[in-house]
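Each chain is listed here by its residues.
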Amino acid sequence: MVDKDESARLVAIACDHGGFALKEALKVALPDVRWLDLGTDSAASVDYPDFAQKLAEAIKAGQAGRGILICGSGIGISIAANRHAHIRCALVHDVTGARLCRQHNDANVLALGGRTTGEVVAKECVEAFLSTGFEGGRHQKRIDKLASF
Ligand code: RB5
């Protein structure tokens, strides 16, 4: 049985076929992260909205505190994730974006493109995303506005 604090430390990860190779590479590159792998489990074609939804539901249920989503470009899966009101998903291509989405936007999900971002940069993006805090202050009222839509 995983308790609530333990769940918050888990990082959900999900992808479509375009993100499968990068998902597997990130799990190997970051073995100390407590991953909750929600699939997909092969390079066979699947639909990215299904995996964004799985991850959004896991976060809503408290099964994980943060999430990583990967499709070919990162675009479709980030659009899908942001349809969920409790998700603030940031598609990033560099470490600066990964840091800023935490500091300014309190992003709880990071999206990456498996066909656009290399493994080394993706690993550094995930590390920055998981280790950077929200700055609050002037950014909090903007987050509150997002929640009011
Ligand atoms: C799948 O071919 C591809 O369209 C998908 O992974 C993603 O890039 C969509 O935005």
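In what follows, the structure referred to is the one given above.
For the structure given in this document, a descriptive report is provided here. Bear in mind that the values here come from a model prediction, so they are computed numbers and not experimental data.

Here we come to the overall build of the protein chain. Secondary structure summary: the protein chain contains 7 helices and 5 strands in total. For the protein chain, the succession of helices and strands along the chain, N to C, is α-β-α-β-α-β-α-β-α-β-α-α. Counting only C-alpha atoms, the protein chain reaches 45 × 35 × 30 Å along its principal axes. The buried share among the 149 residues of the protein chain stands at 44%. Within the protein chain, counting contacts between residues at least 6 apart in sequence, those at least 24 apart form 68% of the total. As displayed, the protein chain offers around 7800 Å² of accessible surface, 52% of which is attributable to carbon and sulfur atoms. The averaged location of the 18 negative side-chain charges in the protein chain is 8 Å from the averaged location of its 18 positive side-chain charges.

Moving on, we come to the environment of Leu10. Inspection of the secondary structure assignment puts Leu10 in the loop between helix H1 (4-9) and strand E1 (11-15). Beyond its immediate chain neighbours, meaning those up to four positions away, Leu10 contacts Arg34, Gln63, Ala64, Gly65 and Arg66.

With that out of the way, let us pick up the sheet that holds strand E3 (residues 66-71). Paired through their backbone hydrogen bonds, the strands of a sheet run either parallel or antiparallel. Taken in spatial order, the 5 strands line up as E2-E1-E3-E5-E4 in an open sheet, and their pairing is parallel. Both outer strands of the open sheet, strand E2 (35-37) and strand E4 (89-91), are each paired with one neighbouring strand and no more. Taken pair by pair, the neighbouring strands of this sheet meet at an average axis angle of 25 degrees, ignoring direction. Summarising the sheet, E3 and strand E5 (residues 109-113) pair through 5 bridges and their orientation is parallel. The residue bridging Gly67 from the neighbouring strand is Val109, located in E5.

Helix length check: helix H6 (residues 119-131), at 13 residues, gives a terminal C-alpha distance of 18 Å against a target of 18 Å (1.5 Å per residue), a fit within 8%. Within the sequence span of H6, burial applies to Ala122, Cys125, Val126, Ala128 and Phe129. Taken around the axis of H6, the buried residues stretch over an arc of 165 degrees, which confines them to a single face. The outward face of H6, more than 90 degrees from its buried face, is lined by the exposed residues Glu119, Val120 and Ser131. Packed against the buried residues of H6 are helix H2 (20-29), E2, E3, helix H5 (95-103) and E5.

This brings us to a positive patch on the surface. Together, Arg138, Lys141, Arg142 and Lys145 line one region of the surface with positive charge. Looking at where Arg138 falls in the secondary structure, it is placed in helix H7 (residues 138-147).

Within the structure, the ligand sits among Asp16, His17, Tyr48, Cys71, Gly72, Ser73, Gly76 and Arg115. Within the side chain of Asp16, one N or O atom sits 2.6 Å away from an oxygen atom of the ligand. Interatomic distance of 2.9 Å between a backbone N/O atom of Gly76 and an oxygen atom of the ligand. Protein chains bury 68% of the 290 Å² of accessible surface belonging to the ligand in isolation. Classifying every residue of the shell around the ligand gives 2 nonpolar, 4 polar and 2 charged.

Between H2 and H6, whose axes approach to 10 Å, the crossing angle comes to 60 degrees. Regarding H2 and H6, the two cross each other, and that crossing is right-handed. Here Leu22, Ala25, Leu26 and Ala29 of H2 come into contact with H6, specifically with Glu119, Ala122, Lys123 and Val126. In terms of residue class, the contact of H2 with H6 is built from 6 nonpolar, no polar and 2 charged.

Parameters at a glance
- Residues numbered from 1 in each chain as written.
- Predicted model: local features only at pLDDT ≥ 70, side-chain atom pairs only at ≥ 80, totals over all residues.
- Heavy atoms only, no water.
- Helix = DSSP H or I, 4+ residues; strand = E, 2+ residues; numbered from the N terminus.
- Buried < 20%, exposed > 50% of the residue type's maximum accessible area, 1.4 Å probe, protein only.
- Contact = heavy atoms within 4.5 Å.
- Areas by Shrake-Rupley, 256 points an atom, 1.4 Å probe, with all protein chains shown as cover.
- Lys, Arg positive; Asp, Glu negative; His and termini not counted.
- Charge placed at Lys NZ, Arg CZ, Asp CG, Glu CD.
- Pairing = 2+ DSSP bridges.
- Axes fitted to C-alpha atoms, helices over the stretch in contact; angles between N-to-C directions.
- Expected span 1.5 Å × (residues − 1).
- Arc of directions from axis to C-beta.
- Patch = residues over 30% accessible without salt bridge, like charges linked within 9 Å, V, L, I, M, F, W, Y side chains within 5 Å.
- Salt bridge = Lys/Arg side-chain N within 4 Å of Asp/Glu carboxyl O.
- Near = heavy atom within 4 Å.
- Polar contact = N/O pair within 3.5 Å; in protein donor to acceptor, adjacent residues only side chain to side chain.
- Nonpolar A, V, L, I, M, F, W, Y, C, P; charged D, E, K, R; others polar.
- Left-handed = near helix turned anticlockwise from the far one by under 90°.

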